Amino acid sequence: MKVVEYERSLQWIGHLHCPACQQNNLAWRSSGMSEAFPHFYCSLCSNVILQRKAQELVYYEATPELLARIAATLPACPCGGHFTPTAGPKCHWCHHEIPIVRDPVAHLQNPNMVVLNGACVFPDEREPYQVRIVD
Ligand SMILES: [Zn+2]
Ligand SMILES: [Zn+2]
């Protein structure tokens, strides 16, 4: 798979705190201007799918009906899990889910996609890539 490397010093690199073990996870966060929505995490791992083709459906309004419609189209993840509206990334240290998706309907319009170091992004209009954060 293609690998995209981000330097640790970039402004889009930060730490995602795990409330279960209190450790920090290195993560890349897309800028709001990239409009990376709607995106959904895998039920088992930290991979994320970006459904740009569904963006026009939720651009002005996100509703439970639209969420259900889009959720029905989400595929399986190569890890054996499934992309799903309520999942979040998993802590690198303790593997607990980090609850960044608090409201799945509002999350449909969240342009800030958080990708943990080592996780893969599956954009519907581009080839998938793995995010690696390097020094
Ligand atoms: Zn943890
Ligand atoms: Zn997965």
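The model shown is predicted, which means the values in this text are computed figures rather than measured ones.

Undergrad: Got a minute to help me understand the overall build of the chain in this structure?
TA: Counting its secondary structure elements, the chain contains three helices and nine strands. The helix and strand sequence of the chain, counted from the amino end, reads β-β-β-β-β-α-α-β-α-β-β-β. Relative to the compact-globule value of 14 Å for 135 residues, the chain shows a C-alpha radius of gyration of 14 Å, a close match. A principal-axis box enclosing the C-alpha atoms of the chain has dimensions of 40 × 30 × 25 Å. Looking at the 135 residues of the chain, the share that counts as buried comes to 30%. Of all intrachain contacts in the chain linking residues separated by at least 6 positions in sequence, the fraction that spans at least 24 positions is 64%.

Undergrad: Whenever I open this one, the pairing of strand β8 (residues 120-123) confuses me. Can you help?
TA: Regular strands place side chains that alternate from one sheet face to the opposite one. Strand direction decides the pairing type here: strand β5 (residues 48-50) and β8, joined by three bridges, are parallel. Looking at the pairing, V48 lines up with V121 of β8. Direction of pairing for β8 relative to strand β9 (residues 129-134): antiparallel, over a ladder of two bridges. Paired with C120 across the strands is Q130, a residue of β9. Counting the residues that bridge the hairpin from β8 to β9 gives five residues.

Undergrad: Explanation requested: the sheet that holds β5 in the structure shown.
TA: Adjacent strands of a sheet form backbone hydrogen bonds with each other and so pair up, either parallel or antiparallel. Across the sheet, which stays open at both edges, the six strands sit in the order β1-β9-β8-β5-β4-β6 with mixed pairing between neighbours. The open sheet has two edge strands with one neighbour each: β1 (2-7) and β6 (83-84). Examined bridge by bridge, strand β4 (residues 39-42) and β6 share two bridges and lie antiparallel to one another. Of the residues in β6, the one forming a bridge with Y41 is T84.

Undergrad: So what exactly am I meant to see when it comes to the sheet that holds strand β3 (residues 24-29) here?
TA: One open sheet accounts for three strands, arranged β2-β3-β7; its pairing is antiparallel. The sheet is open, and its two edges are formed by β2 (13-17) and β7 (114-116), each paired on a single side. Going across the sheet, the axis of each strand differs from the next one's by a mean of 50°, ignoring polarity. Here β2 runs beside β3; their pairing, made up of five bridges, is antiparallel. Across the sheet, residue I13 finds its bridge partner in β3, namely W28.

Undergrad: Help me out: how do you make sense of the pairing of β3 in this one?
TA: Counting the residues in the hairpin turn of β2 and β3 gives six residues, including Q22, whose phi is positive at 70°. One ladder, built from three bridges, connects β3 with β7; its direction is antiparallel. Note that in β7 the partner of A27 across the bridge is L116.

Undergrad: Please explain the nonpolar core as it appears in this structure.
TA: Here is a general trend for soluble globular proteins: nonpolar side chains tend to be buried in one another's company. Grouped together as the largest cluster of nonpolar side chains are 31 residues, with contacts concentrated most on V48, L50, V115 and V121. Those residues in contact with V115 that sit more than four places away from it in its chain are A27, W28, V48, V121 and V131.

Undergrad: Please clarify how unusual backbone geometry should be interpreted in this entry.
TA: Generally, phi is negative for residues other than glycine and the peptide bonds are trans, each holding for most cases. Residue P38 follows F37 across a cis peptide bond; omega there is -5°. Secondary-structure assignment places P38 in the loop between β3 and β4. The phi dihedral of E35 falls on the positive side, at around 50°, and the residue is not glycine. Note that E35 resides in the loop between β3 and β4.

Scoring rules and cut-offs
- Within each chain, residue numbers correspond to sequence positions counted from 1 in written order.
- Note on labels: chains are lettered from A, ligands numbered from 1, in written order.
- Since the coordinates come from a predicted model, pLDDT governs what is reported: local features require at least 70, and pairs of side-chain atoms require 80 or more to be given and counted, while whole-chain, interface and lining totals use all residues.
- Where helices and strands are cited, they refer to DSSP runs of H or I of at least four residues and of E of at least two residues respectively, numbered from the N terminus.
- For the radius of gyration, the atoms used are the C-alpha atoms, and the globule rule reads 2.2 Å times the number of residues raised to 0.38.
- Residues with at least 20 other C-beta atoms within 10 Å of their own are called buried, those with 12 or fewer are called exposed, and the rest are partly exposed. The C-beta atoms themselves are positioned from the backbone.
- Once C-beta atoms are placed from the backbone, any two residues with those atoms within 7 Å are in contact.
- Strand pairing is assigned whenever DSSP detects at least two bridges linking the two strands.
- Axis lines are fitted through C-alpha atoms, for helices just across the contact stretch, and the angle between N-to-C directions can take any value from 0 to 180 degrees.
- A set of buried residues qualifies as a nonpolar core if it consists of Ala, Val, Leu, Ile, Met, Phe, Trp, Tyr and Cys joined through C-beta atoms within 7 Å.

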